[in-house]
Amino acid sequence: MNDPQTPALAGMQRALAERVFNFSPGPAALPVEVLQQAAEEMLSWHGTGVSVMEMSHRSKEFEGILAETVADLRELLHVPKNFRILFLQGGAIGENAIVPLNLMRLRHAEQPKADFVVTGAWSVKTEQETRRYGEVNIAASSADRKFTEIPAVTDWKLSDDAAYVHLCTNETIGGVEFHEIPDIGQDQGRVVVADASSHILSRPVDWSRVQVMYGGAQKNIGPAGVTIVIVREDLLGHAHPLCPSAFNWRLVAEHGSMYNTPPTYAIYIAGLVFKWLKRQGGVPAIEQRNIAKAKALYDFLDQSDFYRNEIDPHCRSRMNVPFFLADETRNEAFLQQARANGLLQLKGHKSVGGMRASIYNAMPVEGVYALIDFMREFERIAA
Ligand SMILES: *Cc1c(COP(=O)(O)O)cnc(C)c1O
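Residue positions within a chain follow its written sequence, with the count starting from 1. Reporting in this predicted model follows two pLDDT cut-offs: at least 70 for local features of residues, and 80 or more for side-chain atom pairs to be given and counted; totals over whole chains, interfaces and linings ignore these cut-offs and use all residues. As a convention, hydrogens and water are excluded, and side-chain values are obtained from all of the structure's heavy atoms.

J.: Would you take a moment to explain the overall build of the chain for this structure?
T.: The helix and strand inventory of the chain stands at 10 helices and 14 strands. Here the C-alpha coordinates of the chain stretch approximately 65 × 55 × 30 Å along the principal axes. Contact between two residues is taken to exist if any of their heavy atoms lie within 4.5 Å; hydrogens are not considered. Long-range contacts, defined here as pairs at least 24 residues apart, represent 68% of the contacts in the chain between residues at least 6 apart. Accessible surface, the chain as shown: approximately 17200 Å² in total, 52% of it carbon and sulfur. For the purposes of this entry, the term helix denotes a DSSP run of H or I that reaches at least four residues, the term strand denotes a run of E that reaches at least two, and both are numbered from the N terminus. Values of accessible area rely on a 1.4 Å probe in the Shrake-Rupley scheme; residue burial ignores everything except the protein chains shown.

J.: It is not clear to me how the domain arrangement of the chain should be interpreted in this structure. Could you clarify?
T.: Taken domain by domain, the chain consists of domain 1 (45-278) and domain 2 (281-382). Using C-alpha coordinates to define each centre, domain 1 is positioned 27 Å away from domain 2. Counting residues at the interface gives 25 residues for domain 1, matched by 25 residues for domain 2. Roughly 2000 Å² is buried in total at the junction of domain 1 and domain 2, and carbon and sulfur atoms are behind 56% of that figure. A side-chain nitrogen of Lys or Arg and a carboxyl oxygen of Asp or Glu constitute a salt bridge if their distance falls within 4 Å. Taken together, the links from domain 1 to domain 2 amount to zero salt bridges. Here a polar contact is recorded for every N or O atom pair within 3.5 Å, except that within protein the pair must consist of a potential hydrogen donor and a potential acceptor, and residues adjacent in sequence are included only if both atoms are side-chain atoms. Linking domain 1 to domain 2 there are 14 residue pairs in polar contact (both at pLDDT 80 or more). Sorting the residues of the side of domain 1 that touches domain 2 by element identifies α3 (60-77), β7 (176-177) and α7 (264-279) as the ones contributing at least two each. When residues of the side of domain 1 that touches domain 2 are assigned to their parent elements, the largest contribution, three residues, is made by α7. Amino acid classes used here: Ala, Val, Leu, Ile, Met, Phe, Trp, Tyr, Cys and Pro are nonpolar; Asp, Glu, Lys and Arg are charged; the rest, including Gly, are polar. Along the lines of polarity and charge, the residues of the side of domain 1 that touches domain 2 split into 10 nonpolar, 10 polar and five charged. For each domain, the first and last residues come from an automatic or database assignment. Once two parts are joined, some of their accessible surface, as seen by a 1.4 Å probe, is lost; buried area is that loss totalled over both.

J.: Can you help me understand the sheet that holds strand β12 (residues 320-325) in this one?
T.: To summarise the sheet geometry, strands pair through backbone hydrogen bonds and adopt either a parallel or an antiparallel arrangement. Paired strands are those between which DSSP finds at least two bridges. Read from one edge to the other, the open sheet built from three strands follows the order β11-β12-β14, with strand pairing classed as antiparallel. Strand pairing shows two members of the sheet lacking a second neighbour, β11 (307-308) and β14 (355-358), which therefore form its edges. In this analysis, axes come from line fits to C-alpha atoms, helices being fitted only over the stretch in contact, and the angle between any two N-to-C directions falls in the range 0 to 180 degrees. Lying over the sheet, helix α8 (residues 282-303) contacts β11, β12 and β14, oriented at roughly 20 degrees with respect to β12.

J.: Is there a simple way to explain the UniProt feature "domain: Aminotransferase class V" (unreviewed entry) in the chain in this structure?
T.: Summarizing the sequence annotation, UniProt attributes the feature "domain: Aminotransferase class V" (unreviewed entry) to residues 20-371 in the numbering used throughout. Annotated as residues 20-371, this span is 32% helix and 17% strand, and its ends, taken at the C-alpha atoms, are 11 Å apart. UniProt positions are given in the numbering used here, feature names are shortened, and annotations may be inferred rather than shown by experiment.

J.: Got a minute to help me understand α3 in this structure?
T.: Every α-helix carries 3.6 residues per turn, so stepping three or four residues along brings you back to the same face. By this rule, a helix spans an expected 1.5 Å times one less than how many residues it contains. In this model α3 runs 26 Å from its N-terminal to its C-terminal C-alpha over 18 residues, within 8% of the 26 Å that 1.5 Å per residue would give. When we look at burial in α3, the residues that qualify are F62, I65, L66, T69, D72, L73, L76 and L77. Down the axis of α3, the smallest arc covering the buried residues is 135 degrees, so these residues share one side. Contacts from the buried residues of α3 go to β2 (83-88), β10 (227-232), α7 and α8. A positive backbone phi angle near 50 degrees is found at H78, which sits one or two residues after α3. Throughout this description, buried means an accessible area under 20% of the type-specific maximum (1.4 Å probe, protein chains only), exposed means over 50%, and partly exposed covers the range between. Taken from the helix axis, the directions to the C-beta atoms give the arc we talk about.

J.: Would you mind showing me how to read the UniProt feature "binding site: L-glutamate" (unreviewed entry) in the chain here?
T.: On the UniProt side, "binding site: L-glutamate" (unreviewed entry) is annotated at positions that read R58 here. Assignment of secondary structure puts R58 in the loop between α2 (32-41) and α3. Every residue in contact with R58, bar those within four places of it in the chain, is listed here: E63 and M258.

J.: For this particular structure, what's the right way to read the pattern of salt bridges?
T.: Once the charged atoms of two side chains with opposite charge are near each other, the side chains can pair. The tally for this structure, following the rule as stated, stands at 24 salt bridges. Between K295 and D299 there is a salt bridge; the shortest N-O distance is 2.5 Å. Placement of both K295 and D299 in helix α8 is noted, with a separation of four residues, approximately one turn of the helix. Residue D299 is classed as partly exposed on the basis of its relative accessible area of 38%. Between D302 and R316 there is a salt bridge; the shortest N-O distance is 3.0 Å. With D302 in helix α8 and R316 in the loop between β11 and β12, this residue pair connects regions lying 14 residues apart in the sequence. For D302, a relative accessible area of 47% gives the class partly exposed. By relative accessible area, which is 10% here, R316 ends up buried.

J.: Quick question: what am I supposed to make of the site of the ligand here?
T.: The immediate surroundings of the ligand are formed by G91, A92, I93, W122, C168, N170, T172, D195, S197, S198, Q218 and K219. Taking T172, its side chain carries an N or O atom lying 2.4 Å from an oxygen atom of the ligand. When residues in the shell around the ligand are grouped by element, the largest group, three residues, is from helix α4 (residues 91-103). A class-by-class count of the residues in the shell around the ligand yields four nonpolar, six polar and two charged. Any residue with a heavy atom lying within 4 Å of a molecule or strand is counted as near it.

J.: Sorry, what's going on with the sheet that holds β10 here?
T.: Strand order in this open sheet of seven strands is β2-β10-β9-β8-β5-β3-β4, and the pairing throughout is mixed. If you trace the sheet from one side to the other, it starts and ends with β2 and β4 (135-141), each paired once. Here the strands of the sheet are splayed against their neighbours by 20 degrees on average, with no regard to which way each runs. By the bridge criterion, three bridges tie strand β3 (residues 113-118) to strand β5 (residues 164-168) in an arrangement that is parallel. Across the sheet, D115 pairs through a bridge with V165, a residue of β5. Lying over the sheet, α3 contacts β2 and β10, oriented at roughly 130 degrees with respect to β2.

Structure representation (structure tokens):
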């Protein structure tokens, strides 16, 4: 045991053996390969003798990492040339203010207005923050159906003078997902802003239907700390004069996401995840895997009287699957035994109760099967 590498290697092997299936809604599981590569590169990135964390963001090394990360994201999501990819900070909740500050004056500088389709807790939070910056029109809401469905597009009461329509395209807490962004006159100039925090890169994007997409990275991309904004170029330059410069999309775009020091390490990890995604076969391949994972779990829930999911099958999320035990007095036992079986973070959001399995890109199919096996066994023993 006098090889100096041995303790480190043994530590790595022990840590690998300790890995569990982590169903956390966010910050969420990352691919093991990515974590291993980051560990290998931690002390010295590509022979530089420094960690990415310790590099100047102006160094040619980091500029290279940033450029490649942007290019890979553009390739993975087929982002058109006339859209800009920005890396900011502040998370999606920060964007709840940053979006109206950048965009709400698009039609009327003096009477800023935005339309909202409210499909769950996150769209509620966003529209409430937006009210600080202008008028909000609730075009449709499924609150009266406890956010178990998406209002039919024929019932959306959109206004003609709103700067944009806001959608939360995957409601992380409630488990509702838009499987298609409807045609609501985007080709006539209507602007759709999508909070895609919890399903970005899980499926392709139709860029004729979405003009601004944003999301925090910590669900499906990487560590918390970097916020991604993808915005059509002509929508830059409409910011309120009081919009902080570091959050002014036009300034950030002009400086290639380097107006201020970007969250360098989070961007680097996101870049490793993008490479991993490309090795998986890109977004179409990961989408197929996500469909299979979600189908296995929903099929299991649907055939059971012991568990249930309450979401309209047309808009069930592939990423976040809330479910309830018929006998809620068993909730604690369920969570405890799940933990004992290496299945973590299954407790539902406190506003919904019950359970929630978040099965993002990095959750392997085996993790979903392990969950189903555990649930079947828990049901059998309880019966
Ligand atoms: C997690 C989440 C947010 C909040 O993200 P923060 O990084 O905490 O700001 C907003 N919207 C959606 C859809 C989310 O899943």
